[in-house]
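# Coordinate inspection notes
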Amino acid sequence: MIDTIQKYFRVGTIPSVSFPGSANMAEVIRRLGADDYFSYLELDHELCSRHAEALTRYLRPGHLSLCYNAHSVAFSGNNPCDLDEDRRRAAETRLLNAVEEAHRFGAEAFTLPPGPCDIRDRADGLRQLSRTLIALSQKAEPYGMRVELELFDYDLDKCGLIGPAPLAAELAANVRESVPNFGLLVDLSHFPAIGEDSCFILRTLRPYITHFHMGNIVIREGMPSYGDNHPRFGYPASENDVKELLHFLSVLGREGFFCEDSPYPLTFEVRPQPGEDPDIVLANAKRTLNRAWSLISSERIPL
């Protein structure tokens, strides 16, 4: 394939993951804004509120789109599928305020995790999560903003309610009956933890996906960086590298996600592990994606 990947996707990254603990996140945002490899950045509540000036100075002039990542809000005791209705409503109110904040910063999408739920209470958790997602989507719709739920592992690390692809499809179908601006965010790094492959997840969730993450994971117990820690591609004892990313991209092509008129966001979620240089780890991600993309052709789609 001779076209660049930027023709079909808006490649992005998550600054707080790619450069964790940086003493100068405004400069990180500037550098990413100056890198024409990227056209999409995901920033959380803290970065948006602390670096509003940097967003104004660097992102909009740089022709970058912004996604508001509400994971830190949800993981701070605001469980969107809490079975206690008073606690769920309190979480919903906090997340609705975050939707307002996302709008103020010009975000086109608002992403959140499903929250934890005991498997024995899954049906009740789904009903609670649906209520929260519908409320958030109704709040976001007049702003032209999407609300996106990310799929997490359900029994390894984060232990989120969503979870398996069939369950995510059921939830998304129910929410879409009430609101049109809801979608799913699927993350290649979570596929091994969920125990489902690219073909199954992407085909099962095809009508509802609006955003993709790329990354890696270690699921072998006792190994360094075990769990949802997003190490670089090719990390020792990890699951994803060029071969797996190529397969992921190939399925995206077969399922009609190469969309030059309205490219989907395709975001790196890679984190430097102890002792690693953030710039080198992000360069690793670019090289891995470039190599996988260069192998895509009509004759070489490994399905």
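Residues numbered from 1 in each chain as written. Predicted model: local features only at pLDDT ≥ 70, side-chain atom pairs only at ≥ 80, totals over all residues. Heavy atoms only, no water.

With that settled, consider the packing of aromatic side chains. Applying the stated rule across the entire model yields 14 aromatic pairs. Relative to Trp-293, the ring of Phe-258 lies with its centre 5.2 Å away and its plane at 50°, an arrangement referred to as tilted. Note that Phe-258 is positioned in the loop between helix H11 (242–254) and strand S8 (264–268) and Trp-293 in helix H12 (residues 278–294), a separation of 35 residues in sequence. Through successive ring pairs, a cluster of aromatic residues spans Tyr-8, Phe-9, Phe-191, Phe-212, Phe-248, Phe-257, Phe-258, Tyr-264 and Trp-293. The residue whose ring lies beneath Arg-206 is Phe-257, and the NZ or CZ to ring-centre distance is 4.0 Å. (Phe/Tyr/Trp six-rings, centres within 6.5 Å; stacked < 30°, edge-to-face > 60°. Helix = DSSP H or I, 4+ residues; strand = E, 2+ residues; numbered from the N terminus. Lys NZ or Arg CZ within 6 Å of the ring centre and 35° of its normal.)

On to the sheet that holds S8. The parallel closed barrel is built from eight strands, whose spatial order is S1-S2-S3-S4-S5-S6-S7-S8. Taking the axes of each pair of neighbouring strands and ignoring which way they run, one obtains an average angle of 30° across the sheet. Bridge analysis of strand S6 (residues 182–187) against strand S7 (residues 209–214) gives four bridges, and the strand direction is parallel. Bridged to Asp-187 within S7 is His-213. Strands in contact with H11 are strand S1 (9–13), S7 and S8; relative to S7, the strand with the most contacts, it is inclined by about 165°. (Pairing = 2+ DSSP bridges. Axes fitted to C-alpha atoms, helices over the stretch in contact; angles between N-to-C directions. Contact = heavy atoms within 4.5 Å.)

This next bit is on the side chain of Asn-79. With respect to the helices, strands and loops of the structure, Asn-79 is situated in the loop between helix H5 (71–74) and helix H6 (85–104). A relative accessible area of 14% places Asn-79 in the buried class. At 3.1 Å, the side chain of Asn-79 and the backbone oxygen of Pro-116 are in polar contact. (Buried < 20%, exposed > 50% of the residue type's maximum accessible area, 1.4 Å probe, protein only. Polar contact = N/O pair within 3.5 Å; in protein donor to acceptor, adjacent residues only side chain to side chain.)

Note the cis peptide between Ile-162 and Gly-163, where omega equals -5°. In this fold, Gly-163 is placed in the loop between strand S5 (146–150) and helix H8 (165–176). Even without a glycine there, the phi angle at His-63 is positive, about 60°. Topologically, His-63 is positioned in the loop between helix H4 (52–59) and strand S3 (65–69). Unlike most non-glycine residues, His-230 shows phi in positive territory, near 50°. Mapped onto the fold, His-230 is located in the loop between S7 and H11.

This next bit is on the pattern of salt bridges. The final tally for this structure, using the stated rule, is 20 salt bridges. The partner of Glu-92 in a salt bridge is Arg-88, and the shortest N-O contact between them spans 2.7 Å. With Glu-92 and Arg-88 both in helix H6, this residue pair falls four residues apart, about one helical turn. Using a relative accessible area of 3% as the deciding quantity, one classes Arg-88 as buried. Glu-108 is the salt-bridge partner of Arg-146, the closest N and O atoms lying 3.2 Å from each other. You can see Arg-146 sitting in strand S5 and its partner Glu-108 sitting in the loop between H6 and strand S4 (109–112), a full 38 residues away along the chain. According to the relative accessible area criterion, Arg-146 is partly exposed, its value standing at 21%. Because the salt bridges share partners, they merge into one network encompassing Arg-10, Glu-108, Arg-146 and Glu-148. (Salt bridge = Lys/Arg side-chain N within 4 Å of Asp/Glu carboxyl O.)

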